[in-house]
Structures are given as C-alpha cells and as structure tokens.
Amino acid sequence: MVHQHSSQPRLSPSSYEEDIRAVLAPRLAYFEAVARHEHVTRAAQELGVPQSTLSRAMVRLEDDLGVALFARKGRTVSLTPAGRTFLGSAERALAEVEKAADSVRADADATAGKVAFGFLHTMGSETVPALIRAFRADHPRVRFQLVQNYGEAMIERLRAGGLDLCLTSPVPDAPDLVTRRLDEQRLRLVVPEDHPLATRRRIRLAEAADETFVTLEPGYGLRRITDDLCAAAGFVPRVAFEGEEAETLRGLVAAGLGVALLPPPAVARPGVVELTVTAPRAVREIGVAWLDGHPDTAPVAAFKKFLLGRRGSLLPG
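Please read these numbers as outputs of a predicted model, since none were measured by experiment.

Asks: Describe the overall build of the chain, with residues and values.
Replies: The number of helices and strands found in the chain is 10 helices and 13 strands. Taken over C-alpha atoms, the radius of gyration comes to 31 Å for the chain, far larger than the 20 Å a tight globule of 317 residues would show. Each principal axis of the C-alpha atoms in the chain carries an extent, and together these give about 100 × 45 × 35 Å. When contacts within the chain are restricted to residue pairs at least 6 apart in sequence, those whose partners lie at least 24 apart make up 74%. Accessible area of the chain: about 16800 Å², with a carbon and sulfur share of 51%.

Structure representation (structure tokens):
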C-alpha cells in the first residue's frame, strides 16, 4: 500500500519551531536503522521493537515533516532524495548524542572521572596543588577542571552548574548551598620595609587607622573581611588602590603605595614586612561549598570526602 502524505505538516505554524525537536528526536534512531537496512522488518529486529510500531513511526515522521522520506515496496524501502538529505543530518545528530553520552559517562567514571573545582586565587600557588597531589595518590586517574576566581563569581558559577565544589572565603550562608568550614588563615598587616611600622612584629589594627590601604576590589571576600576588621578596629580604611590579586597588592605595598591586610604568601616577598595583628582577631575562614540536593558523581563524592577529612589541616604549614 502506498502511503498518502498530507500536503501540510501536522504541527501548526505557531508551534512548529518549538515542537519539531520533540517530534523528531525520538524517531531519529528508528529512521536511521530503516534507512540503513532498507527493510522495515530487519530494522525492527535490530531495534527490538515490533515491525508495526516502526512502520507507524516512519509514517508519522513523514506526516510531521510533510515530506516523503521513503519509496515503499512491501517491507522493502529505499530513500527518496529528501530522505537522503535527512539521513545525513540524522546521522550527524545521532553521532553528537553518542559523543555527549560518552563524555558524561567518562566524567562520572569512578576511577577516571572529572571534578570541576573552583578556588580562590590565593589558594592556587600552594594549597590546591598540594591537595590535588595528596588526593591523586589514591585516585591517580581522576581529572580536574580547575577554576580560579573570587568568591562571589565562583558561587554564581556553582549555581549555574559550572562547578562541582569550590573553596571560598568567607564561607557563604545561602539556603541553596551546603557549606563546611575547613580551616582558618591568619591575615597580616603588610607594610613597606622602610615604613615606620616595619620595626614592629605585632600591631593592633587601630594603629593603622591613618594609613593608606591597598585592597582587593569590592565583591572579593578578602575586601569584605578587610572592611569588617577595620570597622571592628574603629575606622574606615582610606583606600588608594584596588586590585584583583593578592600578590599584586604586595607589589604595591613594596612600592610604598600603602599597606594591606593579606594572607601569608607562598614565597616571602622582598620589600615588605608582615606584621601579626593582635586585635581584632584577623583571620579568614576557608570553607567548601556545593549545591544542595545535587547528586554527586563518584569522583566528586570521593574528592568531597577527601576535603572534609582535611578539616583543620587544609592549609600548608
């Protein structure tokens, strides 16, 4: 029996654009199998579906497209010119789906999967490399996608699905996040080596109230901590320069352009002296955050467990 196609697709013009993917996607594999075998019964056997189901699916596909894809002789079929054009696109689409499936399976693999891990710039030179080295001693094939950024930007990327976990400070408090405090890091007042305070080892932050500060830009966690500590010491810092990276600020201090509250450097920097702040207590908490309710792949779960096991010993030294 020759199938008679309607002259117009079943989908209305207004719904065609948004519905066509939902209509076509489930039928592409059916179409590709029939086109490859040029035989409905053999294609149905390969796919493990009834021949009648496959035949109806192809008829509906042609009706929805408004185009004849097959010339039929019983259960034997051959592609029309339109069918050959459609087959090329269908094969590419199916190959992309298979590629995507292989990719997500590889990322979730327990032994060789991927962890998308975000962390603060100040964690990048020493802390994170040491953590990954220790983790990979037991998980040598796990891969990492590493993202360095300031805290608020990492949280937004976490929410958007671009990260599995992130190390950040201050530890965020939000209903859609799970956070765990892992460690704390003392902050020091960094002054130029020829500064009058450079002969000191300790200082109350209030003694720096008249100094010019160099700080990170607003939105950075360390900037918020700096502002809060200065407020606790009874003053608002007079900010001359704002930057995006702690070691750049150290360079500005070394050049005599101000003082800064910073975490300890990975390597001592010439030209500055770093003073212990005795009051108020100058520390920043470091914590790990992830999205509440999102299931972990095996490698993410393993790395999360590893990080939580480092409470109190996350930071070198």
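Asks: Describe the nonpolar core, with residues and values.
Replies: If you look at soluble globular proteins, the nonpolar side chains tend to sit buried side by side. Residues Phe117, Leu158, Leu165, Leu167, Phe303, Leu307 and Leu314 are the most contacted members of the largest nonpolar core, which totals 34 residues. Listing elements by their share of this core, those giving two or more residues are β3 (114-119), α6 (127-136), α7 (151-159), β5 (165-168), β6 (177-186), β13 (283-291) and α10 (298-308). It is β13 that provides the largest number of residues to this core, a total of five residues. Not counting the four nearest positions on each side in its chain, Leu165 is found in contact with Ala116, Phe117, Gly118, Leu158, Val288, Ala289, Trp290, Val300, Phe303, Lys304 and Leu307. Judged by nonpolar contacts, the second largest core, of 30 residues, contains Ala198, Tyr220, Leu262 and Ala282.

Asks: How would you explain the pattern of salt bridges if you had to name every residue and give the values?
Replies: Think of it this way: side chains of opposite charge can pair up when their charged atoms draw near. Tallied over the full model, the rule gives 21 salt bridges. Asp176 is paired through a salt bridge with Arg159; the nearest N and O atoms lie 2.6 Å apart. Of this pair, Asp176 sits in the loop between β5 and β6 while Arg159 sits in helix α7; the two residues are 17 residues apart in sequence, bridging distant segments of the chain. Taking relative accessible area as the criterion, Arg159 reaches 35% and is therefore assigned partly exposed.

Asks: So, the pairing of β13: which residues are in play, and what are the values?
Replies: Most of β13 is tucked away: eight of the nine residues are buried. The pairing of β5 with β13 spans three bridges and is antiparallel. Its bridge partner being in β13, Thr168 is matched across the sheet by Gly287.

Asks: So what's going on with the packing of helix α2 (residues 28-37) against helix α5 (residues 81-108)? Residues and values would help.
Replies: The N-to-C vectors of α2 and α5 enclose an angle of 125°; their axes lie 10 Å apart at closest approach. As the angle between them shows, α2 and α5 are arranged oblique. Both α2 and α5 take part in a crossing whose hand is left-handed. Judged by residue contacts, Leu28, Ala29, Phe31, Glu32 and Ala35 of α2 engage Gly83, Phe86, Leu87, Ala90, Glu91, Ala93 and Leu94 from α5. Residues of the contact of α2 with α5, tallied by class, amount to nine nonpolar, one polar and two charged.

Asks: Give a detailed account of the sheet that holds β6, specifying residues and quantitative values.
Replies: In spatial order, the strands read β4-β3-β5-β13-β6; together these five strands make up an open sheet with mixed pairing. Here the strands that pair on one side only, and so sit at the sheet edges, are β4 (143-148) and β6. In this sheet, neighbouring strand axes are inclined to one another by 20° on average, regardless of whether the strands run parallel or antiparallel.

Asks: Summarise unusual backbone geometry; cite the residues concerned and give the values.
Replies: Cis geometry marks the peptide bond from Ser169 to Pro170, where omega comes out at -5°. Its place among the elements puts Pro170 in the loop between β5 and β6. Here the bond from Ala279 into Pro280 is cis, since omega is -10°, no more than 30 degrees from zero. Residue position: Pro280 is located in the loop between β12 (272-279) and β13. Even without being glycine, Glu38 reaches a positive phi, approximately 50°. Residue position: Glu38 is located in the loop between α2 and α3 (40-47).

Asks: How would you summarise α5 if you had to cite specific residues and measurements?
Replies: Spanning 28 residues, α5 covers 41 Å between terminal C-alpha atoms, matching the ideal 40 Å at 1.5 Å per step. Taken residue by residue, α5 has Gly83, Phe86, Leu87, Ala90 and Asp107 as its buried positions.

Each value, and the rule that gives it
One numbering rule holds for all chains: residues counted from 1, following each sequence as written. Side-chain atom pairs in this predicted model are given and counted only at pLDDT of 80 or more, local residue features only at pLDDT of at least 70, and totals for whole chains, interfaces and linings cover all residues. Calculated side-chain values reflect all of the structure's heavy atoms, with hydrogen atoms and water omitted. Segments assigned H or I by DSSP are reported as helices when at least four residues long, segments assigned E as strands when at least two residues long, and all are numbered from the N terminus. Atoms counted for the radius of gyration: C-alpha only. Globule rule: 2.2 Å times the number of residues to the power 0.38. What makes two residues a contact is simply this: any of their non-hydrogen atoms within 4.5 Å. For the area figures, the Shrake-Rupley method with a 1.4 Å probe applies, and any residue is considered shielded solely by the protein chains shown. Think of a nonpolar core as a cluster: buried Ala, Val, Leu, Ile, Met, Phe, Trp, Tyr and Cys residues, connected wherever their side-chain atoms sit within 4.5 Å. Relative accessibility thresholds used throughout: buried, under 20% of the residue-type maximum; exposed, over 50%; partly exposed, between the two (1.4 Å probe, protein chains only). Whenever a carboxyl oxygen of Asp or Glu lies within 4 Å of a side-chain nitrogen of Lys or Arg, that contact is scored as a salt bridge. Whether two strands pair depends on DSSP finding at least two bridges between them. Whenever a helix is involved, its axis is fitted only over the stretch in contact; in every case the axis is a line through C-alpha atoms, and angles between N-to-C directions fall within 0 to 180 degrees. Should an angle lie under 35 degrees it is considered roughly parallel, over 145 roughly antiparallel, and from 65 to 115 roughly perpendicular; all remaining angles are considered oblique. It is the rotation of the near helix from the far one that decides the hand of a crossing: anticlockwise by less than a right angle makes it left-handed, clockwise makes it right-handed. Polar here means any residue outside two lists: the nonpolar Ala, Val, Leu, Ile, Met, Phe, Trp, Tyr, Cys and Pro, and the charged Asp, Glu, Lys and Arg; Gly therefore counts as polar. The span you would expect from a helix comes to 1.5 Å times its residue count less one.

Just distances and angles here, no functional claims.
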